[in-house]
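# What the coordinates show
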Amino acid sequence: MALVELSFPARPVHVRTARQVAVSLARRAQVADEILDEIRLAVAEACGLALAVLRQARDDSPVAVDFDDSDGFTVEVRTGAVLPAATGAAALDVVADAAKVAAEDDEQLPAGAALAVLAEFAPVLDASTSAQGLRLRLGWPAVADLGPTGRTA
Amino acid sequence: MDLSLSSRLDGGRTVVEAVGEIDVYTAPKLREQLTELVDAGRLDIIVDMKKVEFLDSTGLGVLVGGLKRVSQHGGSLRLVCTQERILKIFRITGLTKVFAIYGDVATAVAADD
């Protein structure tokens, strides 16, 4: 496998599919078994943020998720919606703001909770936003990259 | 796996047993159940999460909303959770300070406020 692409309408029911695909592919990408749960959760939070941003923007763009196992395991979540241009930590702030306003009822946790989970579980976390939408990139090393204590392929 | 919910009375408290996944898709079902209980005047609630296989921040949001609602009426919302991977999510988001979390239902029922 090099690259697997998934695209789905921005509806909550499909986030589960993205999670399942992520775990299935991560297993094949020699990611350590004990972090499969973390990948499952991080992908769910990234997709949830994308949905929240779209809902707030009243944008019906689909959500695209690319999975790449060529260097560890990388997941990139992308979607439309016009956002201020930013990269890195500033882009994560833009995403948090854009998703937060969507939380109209007081039951929603601040988007900061989703980002806190992402920051904890994704060793690589990068973001960019622009008038074309948002891109969240999550990455995990392969077991073989962890050194002598990691299992090798 | 979907989310299935069942509720029963135990020692004057309502125990809601959640089985399956609480995510962005199924969380509204839990919210609905909690709202119905509060509307029916059942204000002391225990959510038994021992058989929850997955919980995301949307699910956390619904639990926080439920806690707010029962608290407004002088009630309580306690959690039963034993799985480390789920407890970790509560810790990361600072919610272990907000919820009373127990290792089993009997202890949650018997606990003093």
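Preceding block: the structure.
I will try to describe carefully the structure that is included in this document.

Rules used in this analysis
- Residues numbered from 1 in each chain as written.
- Chains lettered and ligands numbered in written order.
- Predicted model: local features only at pLDDT ≥ 70, side-chain atom pairs only at ≥ 80, totals over all residues.
- Helix = DSSP H or I, 4+ residues; strand = E, 2+ residues; numbered from the N terminus.
- Contact = placed C-beta atoms within 7 Å.
- Nonpolar A, V, L, I, M, F, W, Y, C, P; charged D, E, K, R; others polar.
- Axes fitted to C-alpha atoms, helices over the stretch in contact; angles between N-to-C directions.
- Parallel < 35°, antiparallel > 145°, perpendicular 65-115°, else oblique.
- Buried ≥ 20, exposed ≤ 12 C-beta atoms within 10 Å, placed from the backbone.
- Pairing = 2+ DSSP bridges.
- Right-handed = clockwise from strand over helix to strand, strands pointing away.

## Brief notes about the overall build of chain A
The secondary structure content of chain A amounts to four helices and six strands. Secondary structure elements of chain A, listed N to C terminal, follow the sequence β-α-α-β-β-β-α-α-β-β. For chain A, long-range pairs separated by at least 24 residues make up 68% of all intrachain contacts whose partners lie at least 6 apart in sequence.

## A look at the interface of chain B and chain A
Between chain B and chain A, the residue contacts involve 18 residues of the former and 20 residues of the latter. When residues of the side of chain B that touches chain A are traced back to their parent elements, those giving at least two are helix H2 (57-72) and helix H3 (84-92) of chain B. Ranked by residue count, the leading element in the side of chain B that touches chain A is H2(B), at eight residues. When grouped by side-chain class, the residues that make up the side of chain B that touches chain A number eight nonpolar, five polar and five charged.

## Observations regarding the packing of helix H1 (residues 27-39) of chain B against H2(B)
Residue and element names in this part refer to chain B. As a packed pair, H1 and H2 sit with axes 9 Å apart at the nearest point and diverge in direction by 10 degrees. In terms of orientation, H1 and H2 fall into the roughly parallel class. The residues of H2 that touch H1, namely those facing Ala-27, Leu-30, Arg-31, Leu-34 and Val-38, are Thr-58, Gly-59, Val-62, Gly-65, Gly-66, Arg-69 and Val-70. Class assignment for the residues of the contact of H1 with H2 results in six nonpolar, four polar and two charged.

## Some thoughts on the pairing of strand S4 (residues 76-80) of chain B
Residue and element names in this part refer to chain B. Taken across its five residues, S4 has four buried, putting it largely inside the fold. Two strands pair when backbone bridges link them, and strand S3 (residues 44-55) and S4 are joined in this way by five bridges, in the parallel orientation. Residue pairing across strands places Val-47 opposite Leu-79, the latter belonging to S4. Regarding topology, H2 serves as the crossover connection from S3 to the parallel S4, and that connection is right-handed. In terms of strand pairing, S4 meets strand S5 (residues 100-102) through three bridges, oriented parallel. Directly across from Val-80, in S5, lies its bridge partner Tyr-102.

## Concerning the environment of Val109(B)
Residues and elements named next belong to chain B. Locating Val-109 in the fold gives a position in helix H4 (residues 105-110). The partly exposed category is assigned to Val-109, around which 17 C-beta atoms lie within 10 Å. In this structure Val-109 touches Asp-10, Gly-11, Arg-13 and Ile-46, once residues within four positions along its chain are discounted.

## What about helix H4 (residues 111-121) of chain A?
One turn of an α-helix holds 3.6 residues; hence residues three or four places apart share an orientation. The set of residues buried in H4(A) consists of Ala111(A), Ala113(A), Ala114(A), Leu115(A), Val117(A), Leu118(A) and Phe121(A). Buried residues along H4(A) sit in contact with helix H2 (36-57), helix H3 (88-100) and strand S5 (124-130) of chain A together with H2 and H3 of chain B.

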